[in-house]
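Per-entry structural report
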Amino acid sequence: MSDESQPYIYADNAATTPLSPAALQAMMPYLTTEFGNPGGIHRIAKAAAQALEVARAKMAEHLGANAHELYFTSGGSESDNWVLHGAVERYRDRFGTTAPTCIITSVIEHHAILHACDALERDGVRIVLLPVDEMGHVRVDDLERALVDAREASHAAGIDAPGCALVSIMLANNEVGTIEDIPALAARAHTHGVPMHTDAVQAVGHIPVDVDALGVDALSLSAHKFHGPRGVGALYLRESFSIPPFIEGGAQERGMRAGTENVAGAIGMEAALAEALDGLDDRRTRVAQLRDRLVQHVLDTCPDVRYTGDPDSGWRLPSIASFAIRDVDGELLVVLLDRAGVAAATGSACSTGSTDPSHVAVALGIDDPAWARGTLRLSLADDVCDADIDALCERVPRCIKRARLMSGSCAV
């Protein structure tokens, strides 16, 4: 039974975050009185166009980019699909449609990447999925071997080309929080003449993200992961990395992405990111310390529980605590936690409804069904406090124990 007297704790911020009041306030004029279409030439339209370009310039500055390198999209999935399909088209334009080509990515990517790769594979693109170590890190040596293999395949076909259209590795994993060494991976891709993309959807607003420091040619982000509105995101494309348009139609986004611009969404996204970056270092430290207290309590009080991902805070998102729990059904555990006043997740939000083990857990070597079906992710709010952690320390172990008993009673 649920206890309505207890405050409900939202610990699923990796799935989505509540809209920041500052973002809503910034958006309101463009949802009401400042309603112009930026494509027009009258004063109302021009005011909207000017506001959109101010938001673009500020967003770019937050990422260490130039304004003309940033394109507004509907979110991370669109940005990911655009850069993958665009990179392949760019490669085929340069080296011919019959040239062997591949995309190199990792086994722990978000489904926006993996499913886009499935579609490209049906179009004749070879997809190379790099493994990860037990903490979720992609190894530079594995990328090097894949890049060498791609070039050799191209040379075997008589074509002097890299053989790889794009390397795409996420900056931070959405299930276990591990941060990848993108600067090292990008540097290695560039030694082979291959552009580098990172899906930074889970990272932007939670850790410092600078495109030059990362060394990437493309980067995806989504506003709702850092208290911006849903349905808006962005794709950074370095000036030297040009790809074809993804949506044909009008001349919006400098002819690269047709469709009337979401002015209010773009402005809200920029306001939310500006707020998230203000005091980011102090907030990261505080949240990570509270997370670690929660993690240690769960490990101390619950047998047969593993902490998944990199335990080093320097290589982990501060808000994510993730576990593999033996002999527990993850979906049952999430239901019990909800009844106990905690919003949590098993696997990723985009795989809800699937009965398969988390592909990330399996990639980390947690392939025994007794463990792999019992994944739990608690992703803490930016303003999480000691009282929240106290409550989680009481509710989470209690629900794990109950879920284990119930899972065992249902076992055949």
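This write-up is about the structure you can find in this document. (Residues numbered from 1 in each chain as written. Predicted model: local features only at pLDDT ≥ 70, side-chain atom pairs only at ≥ 80, totals over all residues. Heavy atoms only, no water.)

Residues Leu19, Leu24, Met28 and Leu31 make up a contiguous nonpolar surface patch of roughly 330 Å² in combined accessible area. You can see leucine 19 is positioned in the loop between β1 (9-10) and α1 (21-31). (Patch = residues over 30% accessible without salt bridge, like charges linked within 9 Å, V, L, I, M, F, W, Y side chains within 5 Å. Areas by Shrake-Rupley, 256 points an atom, 1.4 Å probe, with all protein chains shown as cover. Salt bridge = Lys/Arg side-chain N within 4 Å of Asp/Glu carboxyl O. Helix = DSSP H or I, 4+ residues; strand = E, 2+ residues; numbered from the N terminus.)

As a further point, take empty space enclosed by the protein. Overall, the coordinates contain four cavities of 30 Å³ or more when judged by the stated rule. Taken as a whole, the largest cavity holds about 100 Å³ of empty space. Lining the largest cavity are 14 residues, and of these Glu175, Val176, Thr308, Ser322 and Thr375 lie nearest its centre. Mapped by element, the contributors of at least two residues to the lining of the largest cavity are β10 (320-325), α11 (359-363) and β12 (375-379). Here the element with the most residues in the lining of the largest cavity is β12; it accounts for three residues. Residue composition of the lining of the largest cavity, grouped by class: seven nonpolar, five polar and two charged. (1 Å grid on protein atoms, 1.4 Å probe; cavity = no way out; pocket = protein on both sides within 12 Å on 5 of 7 lines; lining within 4 Å. Points joined across faces, edges and corners; volume = space filled by probe spheres on them. Nonpolar A, V, L, I, M, F, W, Y, C, P; charged D, E, K, R; others polar.)

Before going further, it helps to spend a moment on the packing of aromatic side chains. Note on aromatic pairs: each is described by the distance of the centres and the angle between the planes. A full pass over the atoms with the stated rule returns three aromatic pairs. Relative to phenylalanine 95, the ring of tyrosine 91 lies with its centre 4.7 Å away and its plane at 50 degrees, an arrangement referred to as tilted. Note that tyrosine 91 and phenylalanine 95 are positioned in helix α3 (residues 76-95) at a spacing of four residues, about one turn of the helix. Between tyrosine 307 and phenylalanine 323 the ring centres are 5.9 Å apart and the planes differ by 40 degrees, which places this aromatic pair in the tilted class. Here tyrosine 307, found in strand β9 (residues 305-307), pairs with phenylalanine 323, found in strand β10; they are 16 residues apart in sequence, far enough to count as distant. Sitting above the plane of the tryptophan 371 ring, arginine 306 keeps its charged end 4.0 Å from the centroid. (Phe/Tyr/Trp six-rings, centres within 6.5 Å; stacked < 30°, edge-to-face > 60°. Lys NZ or Arg CZ within 6 Å of the ring centre and 35° of its normal.)

With that settled, the discussion passes to helix α9 (residues 280-301). Between its first and last C-alpha atoms α9 spans 32 Å; for 22 residues at 1.5 Å apiece the expected length is 32 Å, and the two agree. Regarding α9, the residues found buried are Leu280, Arg283, Val287, Ala288, Leu290, Arg291, Leu294, Val295 and Val298. (Expected span 1.5 Å × (residues − 1). Buried < 20%, exposed > 50% of the residue type's maximum accessible area, 1.4 Å probe, protein only.)

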